[in-house]
Amino acid sequence: MSSPLKKAQSPAPEAKSPKGKEKSPTPGPAKSPTPAPTSPVGNEPSEPVDLLPGAHWGQQEVDEDNDSTPGSDADSSTASIASSILHYRNVLGRTYHSDSVTDTEYWGPNDAKANEMLDIFHEALVRLFDGKLYTSPLNEKEIENAIDIGTGTGVWAIWVPPNARFLIDDATKEWTYEENYFDFIHLRFMTGIIKDWDALYKEAYRCAKPGAWIEHLDTDASWSCFDGTMPDDSAMAQWGKIWKEVGRKTGIENNVASSDVMEKGMENAGFTNITSEDYYVRLSLFVPLSPWSDDEKMKQIGLYQSVALTHDIEGFMVYLAPNYLGWTPKEIANYAAAVRREFRERKIHSNVKWRMVRAQKPLDA
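Note that the structure is predicted; figures quoted are calculated from it, not measured.

**Overview of the overall build of the protein chain**
Part 1 of the argument: Across its full length, the protein chain carries eleven helices and eight strands.
Part 2 of the argument: A total of 365 residues make up the protein chain; the buried ones form 52% of that total.
Part 3 of the argument: In the protein chain, the proportion of contacts linking residues at least 24 apart, taken out of those at least 6 apart, comes to 83%.
Part 4 of the argument: For the protein chain, the accessible area works out to roughly 16300 Å², and carbon and sulfur atoms hold 49% of it.

**Quick look at the environment of G152**
Part 1 of the argument: In this structure, G152 sits in the loop between β4 (145-149) and β5 (182-188).
Part 2 of the argument: In the structure, G152 is positioned 44 residues away from G108 in sequence and 9.9 Å away in space, judged by C-alpha atoms.

**Details of the packing of aromatic side chains**
Part 1 of the argument: One pass over the full model with this rule turns up 17 aromatic pairs.
Part 2 of the argument: Both rings, one in F121 and one in F189, keep their centres 5.1 Å apart while their planes meet at 50 degrees; by these two values the pair is tilted. A residue pair is termed long-range when its members are at least 10 positions apart, and F121 in helix α3 (residues 112-128) and F189 in the loop between β5 and α4 (197-207) qualify at 68 residues. The two residues F121 and F189 agree in class, both being buried.
Part 3 of the argument: In this arrangement the basic side chain of K361 is found over the ring face of Y205, its NZ or CZ atom lying 4.6 Å from the centre.

**Some words on the pattern of salt bridges**
Part 1 of the argument: Taken as a whole, this structure holds twelve salt bridges when the rule is applied.
Part 2 of the argument: Note that E123 and R127 form a salt bridge whose closest N and O atoms lie 3.0 Å from each other. With E123 and R127 both in helix α3, this residue pair falls four residues apart, about one helical turn.
Part 3 of the argument: For K209, the salt bridge is made with E144, and the minimal N-O distance between the two is 3.0 Å. You can see K209 sitting in strand β6 (residues 208-219) and its partner E144 sitting in the loop between α3 and β4, a full 65 residues away along the chain.
Part 4 of the argument: Among the ionic contacts, a cluster of salt bridges with common partners joins E144, D183 and K209.

**Re α4**
Part 1 of the argument: Looking only at α4, the buried set comprises W197, L200, Y201, E203, A204, Y205 and C207.
Part 2 of the argument: Two or three places before D198, at the opening of α4, D196 has a side-chain oxygen 3.3 Å from that residue's backbone nitrogen.

**Looking at the side chain of D148**
Part 1 of the argument: For D148, the location among the structural elements is in strand β4.
Part 2 of the argument: Buried charged residue D148 carries no salt bridge. Nearest counter-charge: R188, at 6.3 Å.
Part 3 of the argument: In this structure the side chain of D148 is engaged in a polar contact, spanning 2.8 Å, whose partner is the side chain of H186.

**Quick look at the pairing of β6**
Part 1 of the argument: Across the twelve residues that make up β6, a large majority, eleven, are buried.
Part 2 of the argument: Relative to β6, β5 runs parallel, the two being bridged by six bridges. Across the sheet, F184 pairs through a bridge with W213, a residue of β6.
Part 3 of the argument: At this point the chain moves from β5, through α4, to the parallel β6, and the crossover so formed is right-handed.

**Considerations on the nonpolar core**
Part 1 of the argument: Formed by 76 residues in total, the largest nonpolar core has its most connected members in I185, I214, W223, F316, M317, W327 and Y335.
Part 2 of the argument: Broken down by element, this core gets its largest block of residues, seven residues, from helix α5 (residues 235-250).
Part 3 of the argument: The next biggest cluster of nonpolar side chains, apart from the first, holds ten residues, and it includes V126, L138, I143 and W156.

**Some points on the pairing of β5**
Residues in a regular strand project their side chains so that they alternate between the two faces of the sheet.
Part 1 of the argument: Taking burial as the measure, the seven residues of β5 include seven buried ones, the bulk of the element.
Part 2 of the argument: In this sheet, β5 lies alongside β4 in parallel orientation, the contact comprising four bridges. Of the residues in β5, the one forming a bridge with I147 is I185.

**Considerations on the confidence of the model for the protein chain**
Part 1 of the argument: Here the protein chain averages 76 in pLDDT, while 72% of its residues score no lower than 70.
Part 2 of the argument: Note that pLDDT drops below 50 for residues 7-43; the model gives that stretch 93 contacts with residues more than four away or on any other chain.
Part 3 of the argument: Here residues 277-284 scores under 50 on pLDDT; set against residues more than four positions off or in separate chains, the count is 38 contacts.

**Quick word on the packing of α3 against helix α8 (residues 296-311)**
Part 1 of the argument: It is the contact of α3 with α8, at a shortest axis distance of 8 Å, that shows an interaxial angle of 170 degrees. Here α3 is positioned roughly antiparallel relative to α8, judged by the angle of their axes. Read as a crossing pair, α3 and α8 show a hand that is left-handed. Contacts between α3 and α8 involve K113, E116, M117, I120, F121, E123, A124, R127 and L128 from the first element and K297, M298, Q300, I301, Y304, Q305, V307, A308, L309 and H311 from the second.
Part 2 of the argument: In terms of residue class, the contact of α3 with α8 is built from eleven nonpolar, three polar and five charged.

**Looking at helix α7 (residues 261-269)**
Part 1 of the argument: Along α7, the residues classified as buried are V261, M262, E263, G265, M266 and A269.
Part 2 of the argument: Contacts made by the buried residues of α7 are with α4, β6, α6 (256-259) and β8 (351-360).
Part 3 of the argument: Directly after α7, the chain includes G270, whose backbone phi takes a positive value near 120 degrees.

**A look at the packing of α5 against helix α11 (residues 329-345)**
Part 1 of the argument: Where α5 meets α11, the axes come as close as 9 Å, and the angle between the chain directions of the two elements is 130 degrees. What the angle tells us is that α5 and α11 run oblique. Together, A235, M236, Q238, W239 and I242 of α5 and Y335, A338, V339, E342 and F343 of α11 make up the contact between the two elements.
Part 2 of the argument: Broken down by class, the residue content of the contact of α5 with α11 amounts to eight nonpolar, one polar and one charged.

Rules of the game
- Residues numbered from 1 in each chain as written.
- Predicted model: local features only at pLDDT ≥ 70, side-chain atom pairs only at ≥ 80, totals over all residues.
- Heavy atoms only, no water.
- Helix = DSSP H or I, 4+ residues; strand = E, 2+ residues; numbered from the N terminus.
- Buried < 20%, exposed > 50% of the residue type's maximum accessible area, 1.4 Å probe, protein only.
- Contact = heavy atoms within 4.5 Å.
- Areas by Shrake-Rupley, 256 points an atom, 1.4 Å probe, with all protein chains shown as cover.
- Phe/Tyr/Trp six-rings, centres within 6.5 Å; stacked < 30°, edge-to-face > 60°.
- Lys NZ or Arg CZ within 6 Å of the ring centre and 35° of its normal.
- Salt bridge = Lys/Arg side-chain N within 4 Å of Asp/Glu carboxyl O.
- Polar contact = N/O pair within 3.5 Å; in protein donor to acceptor, adjacent residues only side chain to side chain.
- Lys, Arg positive; Asp, Glu negative; His and termini not counted.
- Pairing = 2+ DSSP bridges.
- Right-handed = clockwise from strand over helix to strand, strands pointing away.
- Core = buried A, V, L, I, M, F, W, Y, C linked by side-chain atoms within 4.5 Å.
- pLDDT = per-residue confidence, 0-100.
- Axes fitted to C-alpha atoms, helices over the stretch in contact; angles between N-to-C directions.
- Parallel < 35°, antiparallel > 145°, perpendicular 65-115°, else oblique.
- Left-handed = near helix turned anticlockwise from the far one by under 90°.
- Nonpolar A, V, L, I, M, F, W, Y, C, P; charged D, E, K, R; others polar.

Shown next, in the form of structure tokens:
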């Protein structure tokens, strides 16, 4: 889903990086990010490594805690969509966009529970960037058209004046917008969705105006631990192995932040000025997944991320696990319960990696 926006306004007088000074947006060659000192991913194996079968979880007796979790109602918006798009697919009681939109490749449900999870994630990321919705050096007086690719509930986009439109389309296909149209292109949390990043960024480049900015914030499907508190057979450790196996079978890179697909894809498309502080591009950012951190800001972000994930662990699993791992509904439910239990116990100090990449279409393009 995308949200094309007109006359976007900055949520703050200046869009500054959460760390360090913003670099000049003058055109120049794309810079290669320096790898993070420790990366949770390496060369993908040809066979699954240490992935526990679904039966491991299915045979366990799980004491599930069904405490309610906070959520938020997505604001309603008017959309011009064909009736066929509303013929949702149903998988194990969860609804998904119709085949006419996604070719059945998108793993995420589109029902109320999934939308609540996305809204909570949004709040975590807004807090991560100190209330800023973007970090590109935009001149709000010159912005005429902006688009949010993969907008989810649209909560990122609705800070814009009420002329925002919500369109359901497939961003992996040719975009229907004219060339040199957008002043700003925003992408966030596209993990496990895109197989051909180069093709997507080339469409973004084609539709971007000369001088326009593209900004992409994404994460890894693997969770990391740096103090030895995450056993290999824990549900949290198995999370990354599950996504690696799904990626091996689908050909989709699920560790977007660590794989450099964003930087390479933007550069291959023709974008330049692939610049940001090292805090984003080279060092990336490891954020606590649960509120075990001593840092108050990181503790709050960890709280929101843990609430988002535990709110709908099944939403990540229901489509992928049966189709690519052969798991049963009981195995999915028990695994999700085990993840929630580990989050509640807070014994495992897990982290997730987020990376922000910005780039600019050359002024003379």
